[in-house]
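If you want the building blocks of each chain, they are given just below.
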Amino acid sequence: MNVLIIEDERALADEVELFLSKNNFICEVCYNGASASEKIAINLYDFILIDLGLPDYDGLDLLKEAKLNRPEAACIILTARAEVNDRIKGLDLGADDYLPKPFSLLELQSRMQAITRRKFGLVNQTVNLDGFIVNLTDRTITYMSNAVSAITKKEFDLIAYLILHKNRTLTRAQLSEHIWGSVVNDDYDSNFIDAHIKNIRKKLSAFAAADWLETVRGLGYRIKTNV
């Protein structure tokens, strides 16, 4: 998932970026509001983390821009401001959560996971796909208690992202942008994404058929499930 970190304290911004990157997020960092405003206008994000106390921009104004231009993104306010009024204003403007500084990086991750569950209607982080148990928190897949250990990091990212959008067809461009952080060109697109899906199916087929991972001809891929 793509994350925009807007924080003028460089040490903190870099610490958050390093932590989230290690936990399989694709991060961009802005140290001021002007550059963040430009990125929000042109790029897609799953999460936008906004510091209210920016040197050149009111964080609440930036939040308004984010909700206007990127309504699909979940916004979390990160700020040293402890006043209740700031918190209320941010939530009223559409912020999904509020985390005062100093904060635990593990708590930030936990809140992001909770927002993801709410957004995509997941009761918990474990999904059963015809006997394949996918744990989105532990990033594991098992079948009949046997670990499907051959799945790579990016292959799991693909499965997890399709699970979040279960029963919805995602194009190759959408998968590329949200898993790799960029859109590959049309000539390379098909081979790039299709090769990963082919590898996933091959590895899963060693345990059982993964008929729930469907190709939608001419469009892309989807995970079909009643769960």
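Residues numbered from 1 in each chain as written. Predicted model: local features only at pLDDT ≥ 70, side-chain atom pairs only at ≥ 80, totals over all residues. Heavy atoms only, no water.

Some words on the sheet that holds strand β7 (residues 132-135)
Spelled out, the test is: Strands pair, by our definition, only if DSSP identifies at least two bridges between them. The secondary structure listing takes helices from DSSP runs of H or I that are at least 4 residues long and strands from runs of E that are at least 2 residues long, numbered from the N terminus.
Pairing is antiparallel in the open sheet, where four strands are placed in the order β6-β7-β8-β9. On the outer flanks of this sheet lie β6 (126-129) and β9 (146-147), each paired with one strand and no other. Two strands pair when backbone bridges link them, and β7 and strand β8 (residues 140-143) are joined in this way by four bridges, in the antiparallel orientation. Within the sheet, the bridge partner assigned to V134 lies in β8 and is I141.

With respect to the UniProt feature "modified residue: 4-aspartylphosphate" (unreviewed entry) in the protein
Threshold: UniProt positions are given in the numbering used here, feature names are shortened, and annotations may be inferred rather than shown by experiment.
Those places that UniProt annotates as "modified residue: 4-aspartylphosphate" (unreviewed entry) correspond, in this numbering, to D51. Within the secondary structure, D51 is located in strand β3 (residues 47-51).

Remarks on the domain arrangement of the protein
Using the following cut-off: Segmentation into domains, and thus their bounds, comes from an automatic or database assignment. Throughout, a contact is declared for two residues whenever any of their heavy atoms are within 4.5 Å. Once two parts are put together, the accessible area they lose, assessed with a 1.4 Å probe and summed over both, is termed the buried area. We define a salt bridge as a side-chain nitrogen of Lys or Arg found within 4 Å of a carboxyl oxygen belonging to Asp or Glu. In protein, a polar contact requires one atom able to donate a hydrogen and another able to accept it; more generally it is a pair of N or O atoms within 3.5 Å, and residues adjacent in sequence count only if both atoms are side-chain atoms.
Parsing the protein into structural domains produces domain 1 (2-120) and domain 2 (126-223). Summarising the inter-unit geometry, the C-alpha centres of domain 1 and domain 2 are found 28 Å apart. Of the residues lining the interface, nine residues belong to domain 1; the matching set on domain 2 comes to 13 residues. Both faces combined, the contact of domain 1 with domain 2 buries some 900 Å², and carbon together with sulfur accounts for 51% of it. Together, N24, I26 and F120 form the three largest contributors to the area buried by domain 1 at its contact with domain 2, with a combined 53%. Remark: the boundary between domain 1 and domain 2 carries zero salt bridges. Across the contact surface, domain 1 and domain 2 share one residue pair in polar contact (both at pLDDT 80 or more). With three residues, helix α5 (residues 105-120) is the largest single contributor of residues to the side of domain 1 that touches domain 2.

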